[in-house]
Amino acid sequence: MASPLTHAVVAVTLAAVHGVNPRAAASWWLGIACAIAPDLDALGYWLGVSYGSFWGHRGFTHSIAFAVLVSGMCAWWMGRSSARNQVRLWSLYFLATLSHGLLDALTDGGLGVAFFSPIDQSRYFFPVRPLRVSSMSLRDVLGPHGIDVLTSEIRWVWVPCALTAAILWWWNRRAVSSSG
């Protein structure tokens, strides 16, 4: 899996791209929660759930269907706004939740991601897998393996996210200055 911090970085970038006001902290935090939520299936390790099962790690909670369900609930919960804003929030929460499985499919470990669960339990990876898989062990996360994971995530996720945010900031400043 990619690290929770990297899932959060992607969610914050998606919120910025969606034009969610940074002062709308609840929307940003909910986007981060959506990006991390698929890893709730990791609790199955301690409950005896088989890794390759429907409820196993990278199973149903990493699927497109799960992203649709979670984003619908979150948009409904935050939905005390216009229909246009609700659609924007739904798409933010959907992409944030879906991004989790997409990042995990870029890692170099595990069994793959069940994107099409519950219809198809097959697990998939992308052909290119530049991200080092993060460990579930705190000792590993804080050791040399954790440094390798963070280095690959900075290179392949954080830098593109930072560039996206910088371009968006520049574009918005340019649009404001040309209109005013």
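Everything numeric here is computed off the predicted structure, so don't read it as measured data. Counting restarts for each chain: residues are numbered from 1 in the order of the written sequence. For a predicted model such as this one, the threshold for reporting local features is a pLDDT of at least 70, and the threshold for listing and counting side-chain atom pairs is 80 or more; totals across whole chains, interfaces and linings nevertheless cover every residue. To get the side-chain values, take all heavy atoms of the structure and skip hydrogens and water.

### With respect to the overall build of the chain
So, point 1. The number of helices and strands found in the chain is seven helices and zero strands.
So, point 2. In terms of overall size, the chain behaves like a compact globule, its C-alpha atoms giving a radius of gyration of 17 Å where 180 residues would be expected to give roughly 16 Å.
So, point 3. Its C-alpha atoms give the chain principal-axis dimensions of about 60 × 35 × 30 Å.
So, point 4. Note on contacts: a residue pair qualifies if any of its non-hydrogen atoms lie within 4.5 Å across the two residues. Of the contacts made within the chain by residues no fewer than 6 positions apart, 60% connect residues no fewer than 24 positions apart. Put simply, DSSP H or I for four residues or longer makes a helix, DSSP E for two residues or longer makes a strand, and each gets a number counted from the N terminus. Using C-alpha atoms as the atom set, the radius of gyration is obtained and then compared with a globule rule of 2.2 Å times the number of residues to the power 0.38.

### A word on the pattern of salt bridges
So, point 1. Salt bridge, as applied in this entry: a Lys or Arg side-chain nitrogen positioned within 4 Å of an Asp or Glu carboxyl oxygen. This model, assessed by the stated rule, comprises two salt bridges.
So, point 2. In this structure, R132 and D108 form a salt bridge, with 3.8 Å as the shortest nitrogen-oxygen distance. Placement of the pair is R132 in the loop between α5 (83-104) and α6 (138-141) and D108 in the loop between α5 and α6, with a sequence separation of 24 residues.
So, point 3. A relative accessible area of 31% places R132 in the partly exposed class. Summary of the burial criterion: residues with accessible area below 20% of their type's maximum are buried, those above 50% are exposed, and those between are partly exposed, where the area comes from a 1.4 Å probe applied to protein chains only.

### Looking at the packing of helix α4 (residues 64-78) against α5
So, point 1. Whenever a helix is involved, its axis is fitted only over the stretch in contact; in every case the axis is a line through C-alpha atoms, and angles between N-to-C directions fall within 0 to 180 degrees. Their axes nearest at 8 Å, the elements α4 and α5 cross at an angle of 145 degrees. Viewed along their axes, α4 and α5 form a crossing whose handedness is right-handed. Between α4 and α5, the contacting residues are I64, F66, A67, V68, V70, S71, G72, C74, A75, W76 and M78 on the first element and Q86, L89, W90, Y93, F94, T97 and L98 on the second.
So, point 2. Within the contact of α4 with α5, the residues separate by chemical class into 14 nonpolar, four polar and no charged. Each crossing gets its handedness from the near helix: less than a right angle anticlockwise from the far helix is left-handed, clockwise is right-handed. Three residue categories are used. Nonpolar comprises Ala, Val, Leu, Ile, Met, Phe, Trp, Tyr, Cys and Pro, charged comprises Asp, Glu, Lys and Arg, and polar comprises the others, including Gly.

### Points about the packing of aromatic side chains
So, point 1. Pairing of aromatic rings covers Phe, Tyr and the six-membered ring of Trp, with a centre-to-centre limit of 6.5 Å; geometry is then stacked below 30 degrees between planes, edge-to-face above 60, and tilted otherwise. Summed over all chains, the structure comprises eleven aromatic pairs.
So, point 2. Relative to W55, the ring of F54 lies with its centre 4.7 Å away and its plane at 90 degrees, an arrangement referred to as edge-to-face.
So, point 3. Residue classification places W55 among the exposed positions, given a relative accessible area of 51%.
So, point 4. Measuring from ring centre to ring centre gives 6.2 Å for F115 and F126, while their planes differ by 40 degrees; the resulting arrangement is tilted. Taken together, the positions of F115 in the loop between α5 and α6 and F126 in the loop between α5 and α6 put the pair eleven residues apart, joining distant regions of the chain.
So, point 5. With a relative accessible area of 32%, F126 lands in the partly exposed category.
So, point 6. In this scheme, Lys NZ or Arg CZ marks a charge over a ring once it lies within 6 Å of the ring centre and within 35 degrees of the ring normal. Over the aromatic face of F125 sits the side chain of R129, whose NZ or CZ is 3.5 Å from the ring centroid.

### Focus: the confidence of the model for the chain
So, point 1. Residues of the chain with pLDDT of at least 70 account for 96%, and the chain-wide mean is 90.
So, point 2. At the low end of the mean pLDDT range in the chain sits α6, at 64; at the high end sits α4, at 94. pLDDT expresses how confident the predictor is about each individual residue, on a scale running from 0 to 100.

### Overview of the packing of helix α2 (residues 25-36) against α4
Pairs of packed helices are described in terms of their axes, by the angle between the two and the distance that separates them.
So, point 1. Where α2 meets α4, the closest approach of the two axes is 11 Å, and the angle between their N-to-C directions is 165 degrees. Judged by the angle between their axes, α2 and α4 are roughly antiparallel. Between α2 and α4 the crossing geometry is right-handed. Across from A26, S27, L30 and C34 in α2, the residues of α4 making contact are V70, C74, W77 and M78.
So, point 2. Residues belonging to the contact of α2 with α4 are distributed by class as follows: seven nonpolar, one polar and no charged. Every angle not falling under 35 degrees, over 145, or within 65 to 115 is termed oblique; those three ranges are roughly parallel, roughly antiparallel and roughly perpendicular.

### As for a nonpolar patch on the surface
So, point 1. A patch consists of residues exposed above 30% relative accessible area that lack any salt bridge, with like charges linked at up to 9 Å and nonpolar side chains (Val, Leu, Ile, Met, Phe, Trp, Tyr) linked at up to 5 Å. Here, Shrake-Rupley sampling with a 1.4 Å probe gives the accessible areas, and only protein chains in the shown set may cover a residue. A grouping of L40, L43, Y45, W46, L47, V49 and W55 is seen on the molecular surface, where their side chains present a nonpolar patch of about 830 Å² in accessible area.
So, point 2. Residue position: Y45 is located in helix α3 (residues 44-47).

### Things to note about the environment of L102
So, point 1. By the element assignment, L102 lies in helix α5.
So, point 2. It is 9.9 Å that separates the C-alpha atoms of L102 and Y124, two residues lying 22 residues apart in sequence.
So, point 3. Once residues within four sequence positions are removed from consideration, L102 is found in contact with F115 and F126.

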